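Chain residues, written in single-letter form:
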Amino acid sequence: MTFSISDSGLNALVDEVIASGTTVIAPALVKLSAGERREYQKIGSAQKMALTGAIVSNSLKPFIMPPSVPLFRYTRAKAAVSLEPATGKAQAAVVIGAQACDIAALEIVDRVMDWDYHDEVWFERRKATTVISLACTQADASCFCTAVGSGPDHPRGSDIQLLRKKGGYLARALTESGKAFCSKYGSHFEKAGDDADRDPLIKETREKVETNLKIDLGAIRSFLTRNFEHELWNDFGLRCHGCGACAFACPTCHCFDIVDEPEGITHGVRRRNWDTCQTAKFTVHASGHNPRKDQNSRIRQRVMHKFQIYPERFGDVLCTGCGRCVRVCAGGMNLLEILKVLDKSAEAKS
Amino acid sequence: MSIYQPHLMRVDGIIDETPDTRTLRLVFKDPALAEKFDFKTGQFGEYSVFGAGECTFCIASPPTRKGYIECSFKKCGKATSGLRDLEVGDEMGFRGPYGNSFPVEQMEGGDIVFIAGGIGLAPVRSVIWNVLDRREKYQNVTIIYGARTTGDLVYKRELEEWSRRADVKLWQTVDPGGETCDWKGQVGFVPAIVEKAAPSAKNAHAVICGPPIMIKFTLPVLSKLGFSDDRVFTTLENRMKCGLGKCGRCNIGEVYVCKDGPVFTAAQLKNLPPEY
Ligand SMILES: Cc1cc2nc3c(=O)[nH]c(=O)nc-3n(C[C@H](O)[C@H](O)[C@H](O)COP(=O)(O)OP(=O)(O)OC[C@H]3O[C@@H](n4cnc5c(N)ncnc54)[C@H](O)[C@@H]3O)c2cc1C
Ligand code: SF4
Ligand code: SF4
Ligand code: FES
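Chemist: Go over the packing of aromatic side chains with me, naming the residues and quoting the values.
Modeler: A complete count under the given rule lists 20 aromatic pairs over all chains for this structure. Ring centres of A:Phe181 and A:Tyr185 lie 4.8 Å apart, and the angle between their planes is 45°; on these two criteria the pair is classed as tilted. The interplanar angle of 65° and the centroid separation of 6.0 Å between the aromatic rings of B:Phe44 and B:Tyr98 together place this pair among those described as edge-to-face. You can see B:Phe44 sitting in strand β3 (residues 44-49) and its partner B:Tyr98 sitting in strand β6 (residues 91-98), a full 54 residues away along the chain. The two residues B:Phe44 and B:Tyr98 agree in class, both being buried.

Chemist: Talk me through the pairing of strand β9 (residues 168-173) of chain A; I want residue IDs and the actual numbers.
Modeler: Here is the key point about a regular strand: its side chains alternate between the two faces of the sheet. Residues and elements named next belong to chain A. Within β9, 6 of the 6 residues are buried, which leaves it mostly tucked inside the rest of the structure. Summarising the sheet, strand β1 (residues 2-6) and β9 pair through 5 bridges and their orientation is antiparallel. When the bridges of β9 are listed, Ser4 appears paired with Leu170. Where strand β8 (residues 160-165) lies against β9, 6 bridges are found, and the strand directions are antiparallel. Bridging from a neighbouring strand, Ile160 pairs with Ala173 of β9. Where β8 folds back on β9, the antiparallel hairpin that results is connected by 2 residues, among which Gly167 adopts a positive phi of roughly 75°.

Chemist: Talk me through the environment of A:Trp122; I want residue IDs and the actual numbers.
Modeler: All names here are of chain A. Mapped onto the fold, Trp122 is located in helix α4 (residues 120-127). A relative accessible area of 2% means that Trp122 is categorised as buried. The spatial distance from the C-alpha of Trp122 to the C-alpha of Ala90 is 9.9 Å, given a sequence separation of 32 residues. In contact with Trp122, not counting residues within four places along its chain, are Ile64, Met65, Leu106, Val109, Asp110, Met113 and Arg272. A polar atom in the side chain of Trp122 sits 2.8 Å from the side chain of Asp110.

Chemist: Outline the site of ligand 3, supporting the account with residue identities and numerical values.
Modeler: Around ligand 3, the surrounding shell holds 14 residues, and the nearest of these are A:Cys250, A:Cys319, A:Cys322, A:Gly323 and A:Cys325. Mapped onto the shell around ligand 3, the elements with two or more residues apiece are α10 (295-314) and α11 (324-328) of chain A.

Chemist: Now, about the confidence of the model for chain B: what can you tell me, with residues and values included?
Modeler: In the predicted model, chain B carries a mean pLDDT of 95, and the fraction of residues at 70 or more is 100%. Here the complex is predicted with pTM 0.93, and the ipTM for its interfaces comes to 0.92.

Chemist: Explain the site of ligand 2 to me, using residue names and the numbers behind them.
Modeler: Taken together, A:Cys240, A:His241, A:Gly242, A:Cys243, A:Gly244, A:Ala245, A:Cys246, A:Gln278, A:Ile299, A:Cys329 and A:Met333 make up the full set of residues adjacent to ligand 2. Partitioning the shell around ligand 2 into residue classes produces 7 nonpolar, 4 polar and no charged.

Chemist: Could you give an account of the interface of chain A and chain B, with specific residues and numbers?
Modeler: Taken together, the 48 residues of chain A in the interface contact 43 residues of chain B. Around 3,900 Å² of area is buried between chain A and chain B when both sides are counted, 53% of it from carbon and sulfur atoms. Taken together, the connections running from chain A to chain B amount to 8 salt bridges. Where B:Asp260 meets A:Arg313, a salt bridge forms, and the shortest distance between an N and an O atom there is 2.5 Å. The interface formed by chain A and chain B contains 31 residue pairs in polar contact (both at pLDDT 80 or more).

Thresholds, definitions, all that
Residues numbered from 1 in each chain as written. Chains lettered and ligands numbered in written order. Predicted model: local features only at pLDDT ≥ 70, side-chain atom pairs only at ≥ 80, totals over all residues. Heavy atoms only, no water. Phe/Tyr/Trp six-rings, centres within 6.5 Å; stacked < 30°, edge-to-face > 60°. Helix = DSSP H or I, 4+ residues; strand = E, 2+ residues; numbered from the N terminus. Buried < 20%, exposed > 50% of the residue type's maximum accessible area, 1.4 Å probe, protein only. Pairing = 2+ DSSP bridges. Contact = heavy atoms within 4.5 Å. Polar contact = N/O pair within 3.5 Å; in protein donor to acceptor, adjacent residues only side chain to side chain. Near = heavy atom within 4 Å. pLDDT = per-residue confidence, 0-100. Nonpolar A, V, L, I, M, F, W, Y, C, P; charged D, E, K, R; others polar. Buried area = accessible area lost by both parts, 1.4 Å probe. Salt bridge = Lys/Arg side-chain N within 4 Å of Asp/Glu carboxyl O.

Next up, the structure:
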């Protein structure tokens, strides 16, 4: 079902959603000492939305899987213990103007959170969130979404997809929840044809990203399966500081720790916190033995998990090509370049 | 209830095995759950002390003994120190059972050889009692157990009991220099004692658990004795947090140890990257 919505209509819609008490998350401008950046934020008015500009600096991960989330509270009284659910249930939320790479990530992580055991800590927020994406027109040199099965205008994970056109947007309602949203706020939408004058920038952006990286994911996967031991890992490992910034910035990295946070002798909270395979502590045994004892093996794990381990179990890859790990790395580690090298090595071997 | 919320259990008994190793007997606080709870031998759980956190241990008691579970652990960090401070009657948390198990049914009708080192006897003990409680289903049972010193042997009362049974062949050993003057067992490292005991591989399975170095040197001995890699079972102890295939910590190659393990055959281990 496709509609169109004008610029002023979208602003009015966002303000109406906010007024109804629903949380709205959208890219907003943040002023820095030098320059500015766009950041997904909970916004208080449509005025705050910044739907175009540079690639959004953070991902949507913090909104579905907060960096630290309470699992339950405990109280001890002498020998007895009582447990109660942590306060703060997931609030209904609408994400507006999200990039394709960020919403695709949600669907990719869903699979991990839903195999065998259903992780309601993830799905509680996930299901309460309606996702309205906006076809991307701002790719930079670090973007490679088209190389990993996504693309600036890929709808994967969207309930509604917006595409820029003159004076407004096309709105494609793609899921039941997207259709329900469009009919609930029907006064702002008009019926439209599916490709009524889309902004040509969308197509140009796709073409630009396609020139950033072209690889054969299947060949890379089989190269990785055969090359757990390879000198390349040493080259990559030497650059890496093991800081984990790449994993925290990444929309698909989902590793976590579980820790108790006492608030006194008798009571406290058990929390789930972001963690990363890039630190030595992640795998160290109680005996002191560490099966992943150097940075080479840790950076290998990150690459393997994304391009070999996840694909073997769930299909696709654990990466949406958003380029954030490339932008944040202080060591100059560049996943886009790593993939180029792996692709070349895979080709040379076959 | 969240998959991360433990069931409450009460400490029902404490046995100090060695100066740093302790066994806790635990019973479910909720009688309905106690009735319903079941597990398979080789599965593990996440044990909580509220305020100190969670840690991973195998269930050291056999599923053939109902109404309680036991864990044996070495004090080595935050959560294990917290567990160590518990007294009889205190409540703690348990999530589980998780992971796969030793295929004891598949082993029926033949011989079983148990090989363990140090605290590695904990998961093996669950299998041993499971087998001994259904003794008629198996042929020869051999147990080879070693520790650094006589003081480090765990489950001393059970070792005593097994040594007296006519239907169990028990070999106990301590590392050279670890013996006391009244020590009647063997002196030597586990792989050497396995070679000396030379259990028959015919229609037999082996279950082995202990420090990585012991496993590394025992596998070739078993191979020499004629045990094929798919009849030798062991259990891995990669660091874990969730036990549910979510947190990513126990991942080795394509395997999540918490979901696809912790029990693996020697043949499966040979196909894994050496990250355990
Ligand atoms: C399937 C499975 C079964 C197991 N079964 C048993 C069993 O039956 N019995 C048993 O005793 N153990 C068993 N273990 C091991 C057990 O899980 C660990 O000993 C236990 O989790 C330690 O918990 P802790 O909180 O006390 O240790 P922690 O406080 O987490 O610390 C343990 C060790 O981790 C390292 N460490 C922690 N924090 C840091 C840091 N900041 N920097 C550097 N190093 C650090 C140190 O080496 C420290 O000694 C099993 C493990 C698995 C996966
Ligand atoms: S790759 Fe870069 S960002 Fe990631 S851990 Fe290494 S140094 Fe940090
Ligand atoms: S690995 Fe890098 S490019 Fe891929 S999704 Fe994560 S941050 Fe984005
Ligand atoms: S322990 Fe969390 S994934 Fe295995």
